[in-house]
Amino acid sequence: MFSITTEIDYALLEGMDFKCLEGCGFCCTFPAEVRECEPGFNAILKIDRNGVKKWVTTDPYFCNVYTMRQHQERGACIFLREDRRCGIYPVRSLLCRIFPIKIFFGQRIQLYTSQVCRGFSQDSNSNVLCLKGKEIMEQLPAQMKEEMTLKAREMYDSLPGKLSDCISPSVLQTRSLEHVNCMDISNEIVTQRDKDDFTSQLSSEEFINLPTYLTADMQWLVFRLNGRLLERIKLERTGEIETTGNIDYSFLSLRPLSADAANALRKYLEIIVKRDHFAGVIYLHALEQERNVPLIDLVTTYIDGIAASLLLRANLLAAFEGHDIIDADVIKEAIIFSDGYLATEPSYGLIL
Ligand code: SF4
Ligand code: SF4
């Protein structure tokens, strides 16, 4: 049994500055959730009754959750205007208001960031994001906060009874950090299965599910495998698409990794495992698996998989940019390319 706390942890927001970038709108390429109990929910329905769709689930913890509809061919929320501003700004969902901050309700409440956003930067003297986090928690409708805390508490209370080898999130985090610190970060991590998974993501028939990336000059790029050709597609504000390059997929071979790149990747893995959301992902994998793999083995497999996926994405970006080696800068770009999914992956606990 581990203790459930009412603590709110802001540590992952410390030392971060943030300013939303004009003309970006990239966060609107991910399906945004909205809950019936949010103050703006009815106002959104009044604007467009078909603007949201209910999340189909039998899980009582996730009922009353909707997602904003997406333009399949535009790869973004239907309320996003051509100037990349929100068309329903005053009533947009809570999730849209708080981005790039995410709130995870599990054993406790923890705030963390989605590293896909280019609007924040590390600055040890800044407490901008911490203050924003505290303001968000103060303004969160009391009923919603209570409901989510209660549901999360029930979930985490029941966990030791469901998993025979259950360890608390803090112990899981310590063991994960130990693994990250002693990992040999090299191309050897990437297995054929990682390559097959990446190929399958790049081959998705749903345009909206293809890997997307935000360049430093705010272009939205989508990557798609078409036969043996890997296409780089630019998504225009109007929704038109233009292929801006392609490479033979067989050229996506792994480039040498510099020592700085390995360090940058290790630092990123440290951030991931410090998120309570990470522990929630592992618990969910443990609950859903059929083979009864021990929890700690799931942890190491999952962390190695993240490293492998990031290296594959780094190599994809390097292939298009003509880099012969993977350095720390390419890893930083690969994090922007990867983290949108990782920060919100289904997890045992509630995410806002
Ligand atoms: S991704 Fe970040 S910078 Fe871009 S619009 Fe969203 S919050 Fe602003
Ligand atoms: S509601 Fe507005 S802010 Fe939210 S995803 Fe849609 S366009 Fe973006």
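Up top you'll find the structure we're talking about.
Residues numbered from 1 in each chain as written. Chains lettered and ligands numbered in written order. Predicted model: local features only at pLDDT ≥ 70, side-chain atom pairs only at ≥ 80, totals over all residues. Heavy atoms only, no water.

A. Molecular detail of the overall build of the protein. Along the protein, the regular secondary structure elements total 10 helices and 15 strands. Taken over 352 residues, the protein has a buried fraction of 52%. Considering only residue pairs separated by 6 or more positions, the protein has 72% of its internal contacts joining residues 24 or more positions apart. For the protein, the accessible area works out to roughly 17200 Å², and carbon and sulfur atoms hold 49% of it. For the protein, the centre of its 38 positive side-chain charges and the centre of its 49 negative side-chain charges are spaced 5 Å apart. (Helix = DSSP H or I, 4+ residues; strand = E, 2+ residues; numbered from the N terminus. Buried < 20%, exposed > 50% of the residue type's maximum accessible area, 1.4 Å probe, protein only. Contact = heavy atoms within 4.5 Å. Areas by Shrake-Rupley, 256 points an atom, 1.4 Å probe, with all protein chains shown as cover. Lys, Arg positive; Asp, Glu negative; His and termini not counted. Charge placed at Lys NZ, Arg CZ, Asp CG, Glu CD.)

B. Focus on the layout of surface pockets. In this structure, the second largest pocket occupies an estimated 530 Å³ of space. Lining the second largest pocket are 18 residues, with Q115, Q122, I271, K332 and I335 sitting closest to its centre. Looking at the lining of the second largest pocket, the elements with two or more residues in it are β10 (120-122), α7 (259-274) and α10 (328-342). Looking at side-chain class alone, the lining of the second largest pocket contains 8 nonpolar, 4 polar and 6 charged residues. (1 Å grid on protein atoms, 1.4 Å probe; cavity = no way out; pocket = protein on both sides within 12 Å on 5 of 7 lines; lining within 4 Å. Points joined across faces, edges and corners; volume = space filled by probe spheres on them. Nonpolar A, V, L, I, M, F, W, Y, C, P; charged D, E, K, R; others polar.)

C. Just the packing of aromatic side chains, in detail. Applying the stated criterion across every chain, the model contains 9 aromatic pairs. Arranged with centres 5.9 Å apart and planes meeting at 75°, the rings of Y156 and Y283 form a pair that is edge-to-face. Residue Y156 is located in helix α4 (residues 142-162), and its partner Y283 is located in helix α8 (residues 276-288); the two are separated by 127 residues in the primary sequence. A single burial state applies to Y156 and to Y283, both of which are buried. Relative to Y302, the ring of F278 lies with its centre 5.7 Å away and its plane at 45°, an arrangement referred to as tilted. Of the two residues, F278 is situated in helix α8 and Y302 in helix α9 (residues 295-321); the sequence distance between them amounts to 24 residues. We note that F278, like Y302, is buried. Following the ring pairs from residue to residue traces out a cluster consisting of Y213, F223, F320 and F337. The side chain of R92 reaches across the aromatic face of Y89, ending 3.8 Å from its centre. When the ring centre of Y10 is taken as reference, the NZ or CZ atom of K134 above it lies at 5.2 Å. (Phe/Tyr/Trp six-rings, centres within 6.5 Å; stacked < 30°, edge-to-face > 60°. Lys NZ or Arg CZ within 6 Å of the ring centre and 35° of its normal.)

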